[in-house]
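Chain by chain, the residues run as shown.
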Amino acid sequence: EWAPEVEYAVADGFAVEVELPFTNGRLTDYKIGLQGTFGTVRGGRSIHGVQYLGLHNRRDGGWSNSLLYLLGNRFGDRLSTMTMVGVGDVTLRKSEGTGLLVNHTTFWDVDPATVIGFEINRQTGDSRHWLFMPQWHRAFAGRLSVQAGLGAERGHQGPFRPRLGVRVVREF
């Protein structure tokens, strides 16, 4: 599966995102996101806000929604975290319910162009799963960056399985 997306900051502190998830080469869903910040705290070392995600399934016409509280923290020059907590279900799995969503990532700035991180993602409810993913982010010249991770994911049944994630980001 892959999901190209475009995110646009329409105003200071507010962004809109459109994502097109594909599975086996077919467009399966339309995903939209709205994200806003409430401002900074801790002398500008923390930021918080909210994010809405909506996922429309093209096959059955159903909608899945989530609402998340976002909290980003910077602890010194190199260590930072991003935590998202909320309710909903925006997985690409068939689901009949809503669960608790928790996503926490800890980052370490190796140098000005390289960041490593470790993500823990938990969802309860019908689509419950765990994800553990070490990450590597690298910025290149020309506003281009790559984010990659290789970890393990476990659905509500079965063993942990390998999970690979790659994102190419181009800033305009």
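Residues numbered from 1 in each chain as written. Predicted model: local features only at pLDDT ≥ 70, side-chain atom pairs only at ≥ 80, totals over all residues. Heavy atoms only, no water.

### What to know about the pattern of salt bridges
Side chains that carry opposite charge are capable of pairing whenever their charged atoms lie near each other. Enumeration according to the criterion identifies four salt bridges in this entry. Among the salt bridges present, the one from Glu19 reaches Lys31, with a minimum N-O distance of 3.9 Å. One end of the pair, Glu19, is in strand β2 (residues 14-19); the other, Lys31, is in strand β5 (residues 29-41), with 12 residues separating them in the sequence. Of the charged contacts, one joins Asp111 and Arg138 as a salt bridge, the two residues approaching to 3.8 Å between their closest N and O atoms. You can see Asp111 sitting in strand β9 (residues 99-111) and its partner Arg138 sitting in strand β11 (residues 129-140), a full 27 residues away along the chain. Taking the relative accessible area as the measure of exposure, Asp111 reaches 34% and is therefore partly exposed. Judged by relative accessible area, which is 28%, Arg138 ranks as partly exposed. (Salt bridge = Lys/Arg side-chain N within 4 Å of Asp/Glu carboxyl O. Helix = DSSP H or I, 4+ residues; strand = E, 2+ residues; numbered from the N terminus. Buried < 20%, exposed > 50% of the residue type's maximum accessible area, 1.4 Å probe, protein only.)

### What to know about the pairing of strand β1 (residues 5-11)
Pairing of β1 with β2, which is carried by six bridges, proceeds in the antiparallel orientation. By the bridge assignment for β2, Glu7 is matched with Glu17. (Pairing = 2+ DSSP bridges.)

### Focus: the sheet that holds β2
On the basis of which strands lie adjacent, the open sheet formed by 11 strands has the order β1-β2-β5-β6-β7-β8-β9-β10-β11-β12-β13 and antiparallel pairing. Pairing within the sheet leaves two strands with one partner each, and these edge strands are β1 and β13 (161-170). On average, each strand axis in the sheet is tilted by 20° relative to the strand beside it, whichever way the strands run. Bridge count between strand β8 (residues 79-88) and β9: 10 bridges; the pairing is antiparallel. Considered in β9, the bridge of Gly86 is made with Leu101. (Axes fitted to C-alpha atoms, helices over the stretch in contact; angles between N-to-C directions.)

### Focus on the confidence of the model for the protein chain
When pLDDT is averaged along the protein chain, the result is 91; 94% of the residues meet or exceed 70. The element-level mean pLDDT for the protein chain is lowest in β1, coming to 91, with strand β10 (residues 114-123) highest at 96. (pLDDT = per-residue confidence, 0-100.)

### Thoughts on the side chain of Asn103
Relative to the assigned elements, Asn103 resides in strand β9. A distance of 2.7 Å separates a polar atom in the side chain of Asn103 from a polar atom in the side chain of Glu119. Once residues lying within four places of it in the same chain are set aside, the contact partners of Asn103 are Met82, Thr83, Met84, Glu119, Ile120 and Asn121. (Polar contact = N/O pair within 3.5 Å; in protein donor to acceptor, adjacent residues only side chain to side chain. Contact = heavy atoms within 4.5 Å.)

### Topic: the environment of Gly43
Here Gly43 lies in the loop between β5 and β6 (46-57). Judged by relative accessible area, Gly43 falls into the exposed class, the value being 80%. Between the C-alpha atoms of Gly43 and Val146, which are 103 residues apart in sequence, the distance is 30 Å.

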